[in-house]
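Coordinates in review
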Amino acid sequence: MDLTLSDRHRALQAGLRDFIARHGHRSPPVGGGGGRVRPDRRVLDWQALLIEHGLAARAVPRQYGGYGADPDVLDAAIITEAFNRAGLSPGIQGQGIRMLVPTLLEVGTEAQRRRWIGPTIRGETIWCQGYSEPESGSDLASLRTHARVEDGHFVINGQKIWTSSAHYADMMFLLCRTEPEAPKHEGISYILLSMDTPGIEVRPLPTMTGHATFNEVFFTEARVPVENVVLGRGKGWQVANVTLKHERMLLGDASKLMHRVHRLRALLERVEVDGVALIRRPQWRERFLRLQGEALAMKYHQMRLLGEAAKGEEPGLGVLIVKYVGTVLAWKLTALAVDALGDAGLPYEPHDDVGEDDEATGWYADHMYDLGLIIGGGSSNIQKNIIAERGLGMPREPRVGTS
Amino acid sequence: MEFGPGESQRLFDDALRGALAGRVTPESRRAAAAAGGDAALWQALCELGLAGVLVPEAQGGSGLGMMDAALAAEALGHAAASTPFLGSGVMAPLALRLLGGAAQQEEFLPRLVAGEMRVAIAFAALTGTTGTCDLRLRGERLSGRVTGALDAADATHLMVALPGGEALALLAADAPGVALVPRRSVDRLRPLADLAFESAPVAILPGDARRVLDAARVALAAETLGAAQSMLDGAVAYAGQRRQFGRPIASFQAVKHACAEMAAALEPCRALVWYAAHAQDAPEPEARMLAAQAKAHLDEVGREVARGATEVYGGMGFTELLGLPFWFKRIMANRQLLGGPERCRDDAALAQGMS
Ligand SMILES: Cc1cc2nc3c(=O)[nH]c(=O)nc-3n(C[C@H](O)[C@H](O)[C@H](O)COP(=O)(O)OP(=O)(O)OC[C@H]3O[C@@H](n4cnc5c(N)ncnc54)[C@H](O)[C@@H]3O)c2cc1C
């Protein structure tokens with residue numbers, strides 16, 4: 001264990017203090033119900049400022065518009081800590097930045113990287129993830145949306161569902177079947193496409209949060225150039241798994257958990273019953289401290305994983321557990337928050353698109369959305385299958401009636 | 001920059017685990033449980049340098065830190081070994097290093113390293129004991145009673161935390177006015193003792209004794225981590241072998257998910273223990289909070305894994321045949337030692353200004 005701060009780390013800390021003092025007031029508000037609106041001017045300006053100072057897209061190479069720093073666990077920890085303490089937004093965390101960009105860095109062509117990474121990390125290009133279909137949820141590889149190839153284009157037909165952000169996204173990374181003769185997992189391609197393509201129709205689906213955060217997307221003869229395939233035809237399942245690895249880290253992100261812990265403590269210090277703050281009541285304090293312990297484990301676990309990744313070690317069990325543990329813990333944290341808000345927290349008045357929700361509405365929206373994240377991105381049961389099979393080497397599920 | 005064990009730590013860990021694998025067997029555990037310890041094992045581990053991990057090089061140790069001690073504790077937990085490492089390898093050397101005078105360090109540390117000195121630890125004054133802790137110091141003479149002293153088997157010395165946490169008392173086990181009543185614990189591999197003093201002469205080590213408690217809590221958390229990991233690994237392996245309904249039980253989703261739950265809970269604990277250990281050496285402002293939280297969290301996760309892993313073995317887990325209960329009981333007892341999770345969380349609350 002060597003976490004001695006080098007001069008460079010100290011300079012980063014000093015730089016952060018200076019940055020926060022000078023620019024902190026420009027931060028947009030943090031969090032809130034899972035990216036349900038397009039980033040506004042304030043968010044985009046903040047993102048640009050973060051990239052310029054190496055506080056977002058830090059390890060994305062310069063030639064693609066990032067800051068180009070070597071990945072470093074301590075850098076990441078120092079930045080997160082400072083931002084959490086100051087209550088600042090860590091910048092845009094969408095599916096484009098956190099999932100597609102690392103995927104392209106891993107398996108994209110040079111042309112794809114040059115074209116998409118820059119605008120994506122700046123928040124100018126918003127992506128959605130076109131995986132799930134009405135008949136293909138957990139069993140994603142059974143998907144039926146298909147494309148034939150015709151004069152240099154994929155011609156796509158079919159339907160996606162639960163597509164987060166599709167109603168305002170510019171682009172989609174899509175899984176569809178392009179090799180109908182190939183076995184289930186080998187007939188799929190991973191295709192980048194513009195949501196403006198003729199033949200795409202988006203219908204918002206209301207969710208329990210009251211926000212329309214996801215959609216149905218219909219494809220009718222939608223034409224997309226063949227060079228938009230990532231890694232090649234029939235390689236989509238492989239690419240999807242690269243993306244999924246990053247999705248797990250995003251959905252179980254420990255910085256988000258620690259940020260919740262900070263906010264939760266402040267809430268418990270503020271809410272009083274019979275003149276006594278909840279944090280001073282043993283039942284509440286005990287619940288808080290138990291969750292804090294769990295969150296601390298995930299915080300240091302994430303540092304460990306970042307350290308291993310920086311050394312180029314193969315991710316194993318440690319990465320596979322993050323989505324499952326992180327989303328369940330996030331839910332438990334917001335559960336404590338809504339309990340602390342008590343009956344006075346019940347008025348629920350979410351804004352449609354713009355504007356900030358009041359605190360209680362925000363906690364409830366997060367709490368409900370957290371349940372969505374327990375289901376989305378591979379449900380807890382599917383995560384546990386993966387942990388058992390790939391992490392612990394236990395036998396695979398028997399496959400019945402599918403190829 | 002490195003998060004986690006470095007190269008030399010991995011090498012030492014391999015050597016230690018190798019030594020344990022050769023010496024700690026089902027038979028040796030049973031013998032240790034019957035005899036109340038395994039003196040030969042400790043002697044062998046001292047030759048490997050285990051008692052000197054936290055002892056400065058000037059006194060014959062290797063001058064390492066809590067990260068090293070935690071890794072060692074994890075390995076000992078993994079092996080369900082019967083050793084006095086917690087008392088004689090962590091708490092006593094650290095107490096002497098942090099609170100002892102130069103003469104005491106010269107006198108005692110080399111003897112700890114050699115394994116000649118073994119220290120029973122009575123910290124009930126600081127841990128919210130449900131037993132007895134009624135101690136009075138007059139000058140340099142100690143009177144009263146304290147229950148549940150750790151690592152009391154073959155102890156040559158006693159180290160007693162005094163009420164208030166401002167000092168420790170150190171005395172020879174055979175000093176006049178000392179009565180030691182051995183107690184067999186739930187964890188037969190870690191015998192306890194009740195102590196009584198009547199104007200017994202002691203040396204006083206003044207200073208913040210809670211730092212020793214913090215470090216010991218990290219060591220216990222690490223030990224529980226190792227024990228729980230061993231139980232989980234065993235359960236996964238057993239599930240792959242054991243067949244029912246014509247297939248390995250590991251192919252039943254309920255069994256897989258139970259194992260996945262245990263792995264998901266346990267895996268992040270490793271980094272928590274590492275960081276909590278690292279924080280003790282720095283020491284960081286959050287060191288005390290982290291030690292208490294690490295202990296509390298491992299107490300909780302350990303209990304779940306101990307139950308879940310035993311369940312995977314079915315009736316075989318409940319018997320003594322595979323020796324599984326040694327790990328189960330180690331985890332069960334560790335939870336109560338030096339403050340259970342509720343007490344630790346109380347301490348964590350105080351350490352972060354919630355009062
Ligand atoms: C908030 C949210 C956002 C989402 N965003 C997107 C998005 O942007 N893009 C996208 O493509 N999709 C998205 N999804 C869809 C998500 O990936 C799916 O909902 C998820 O994979 C589960 O599929 P399903 O809904 O069809 O449920 P099903 O697959 O029908 O599962 C229903 C239940 O059965 C269980 N189950 C299924 N198979 C097994 C098995 N083998 N073993 C044990 N239990 C099993 C599941 O755990 C679950 O509890 C989102 C979902 C949510 C809730």
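Since the model is a prediction, treat every value here as computed from it, not as a measurement.

What counts, and where the lines are drawn
Residues numbered from 1 in each chain as written. Chains lettered and ligands numbered in written order. Predicted model: local features only at pLDDT ≥ 70, side-chain atom pairs only at ≥ 80, totals over all residues. Heavy atoms only, no water. Phe/Tyr/Trp six-rings, centres within 6.5 Å; stacked < 30°, edge-to-face > 60°. Helix = DSSP H or I, 4+ residues; strand = E, 2+ residues; numbered from the N terminus. Buried < 20%, exposed > 50% of the residue type's maximum accessible area, 1.4 Å probe, protein only. Lys NZ or Arg CZ within 6 Å of the ring centre and 35° of its normal. Pairing = 2+ DSSP bridges. Axes fitted to C-alpha atoms, helices over the stretch in contact; angles between N-to-C directions. Expected span 1.5 Å × (residues − 1). Contact = heavy atoms within 4.5 Å. Salt bridge = Lys/Arg side-chain N within 4 Å of Asp/Glu carboxyl O. Domains from an automatic or database assignment. Polar contact = N/O pair within 3.5 Å; in protein donor to acceptor, adjacent residues only side chain to side chain. Near = heavy atom within 4 Å. Areas by Shrake-Rupley, 256 points an atom, 1.4 Å probe, with all protein chains shown as cover.

**Section: the packing of aromatic side chains**
Residues and elements named next belong to chain A.
- Within the structure shown, the criterion is met by 13 aromatic pairs over all chains.
- For the ring pair tryptophan 116 and tryptophan 127, a centre distance of 5.5 Å and an interplane angle of 85° mean the geometry is edge-to-face. You can see tryptophan 116 sitting in helix α5 (residues 110-121) and its partner tryptophan 127 sitting in strand β1 (residues 127-130), a full 11 residues away along the chain. Just as tryptophan 116 is buried, tryptophan 127 falls in that class too.
- Among the aromatic residues, those joined into a cluster by ring pairs are Trp116, Trp127, Tyr131, Phe173 and Tyr190.
- Between arginine 62 and the ring centre of tyrosine 67, over which it is positioned, the NZ or CZ distance is 5.5 Å.

**Some remarks on the sheet that holds strand β3 (residues 141-149) of chain B**
All names here are of chain B.
- Strand order across the open sheet formed by four strands is β2-β3-β7-β6, with antiparallel pairing between neighbours. At either margin of the open sheet sits one strand with a lone partner, and together these are β2 (133-138) and β6 (178-183). Strand-to-strand twist across the sheet, computed as the mean angle between neighbouring axes with direction ignored, equals 10°.

**Side note on α5 of chain A**
All names here are of chain A.
- Across its 12 residues, α5 extends 16 Å between first and last C-alpha, which sits within 8% of the 16 Å expected from 1.5 Å per residue.
- Buried residues of α5: Gln112, Arg113, Trp116, Ile117, Gly118, Pro119, Thr120 and Ile121, and no others.
- On its buried side, α5 packs onto α2 (41-52), α4 (95-107), β1, β4 (171-177) and β5 (188-194).
- The positive-phi residue at the C-terminal boundary of α5 is glycine 123, with phi of around 80°.

**Some points on the sheet that holds strand β8 (residues 203-206) of chain B**
Residues and elements named next belong to chain B.
- As summarised here, the arrangement of the four strands in space is β1-β4-β5-β8, forming an open sheet in which the pairing is mixed. Looking at which strands have only one partner, the edges of the open sheet turn out to be β1 (119-122) and β8. Going across the sheet, the axis of each strand differs from the next one's by a mean of 20°, ignoring polarity.
- In this structure, strand β5 (residues 167-172) lies alongside β8, joined through four bridges in antiparallel fashion.

**Details of the pattern of salt bridges**
- Enumeration over the complete set of coordinates arrives at 60 salt bridges over all chains.
- One connected set of salt bridges, linked through shared partners, spans Arg304 and Glu308 of chain A together with Asp13, Arg17, Glu74, Glu267 and Arg270 of chain B.

**Observations concerning the domain arrangement of chain B**
Residue and element names in this part refer to chain B.
- The domain architecture assigned to chain B consists of domain 1 (7-114), domain 2 (119-206) and domain 3 (210-351).
- Listed per partner, the contact involves 23 residues of domain 1 and 20 residues of domain 2.
- Counting every contact that joins domain 1 to domain 2 gives zero salt bridges.
- The interface formed by domain 1 and domain 2 contains three residue pairs in polar contact (both at pLDDT 80 or more).
- If you list the elements that add at least two residues to the side of domain 1 that touches domain 2, you get α2 (26-35), α5 (85-99) and α6 (102-114).
- Per-element accounting of the side of domain 1 that touches domain 2 gives the leading share, nine residues, to α5.

**Notes on the site of the ligand**
- Around the ligand sit 19 residues in total, of which Gln129, Ser132, Ser138, Trp162 and Ser379 of chain A are the nearest.
- Between the ligand and the protein, one listed contact pairs a nitrogen atom with a side-chain N or O atom of serine 164 of chain A at 2.8 Å.
- Glutamine 253 of chain B is positioned with one of its side-chain polar atoms (N or O) 2.8 Å from a nitrogen atom of the ligand.
- Taken by itself the ligand offers 970 Å² of open surface, and the protein chains cover 69% of this.

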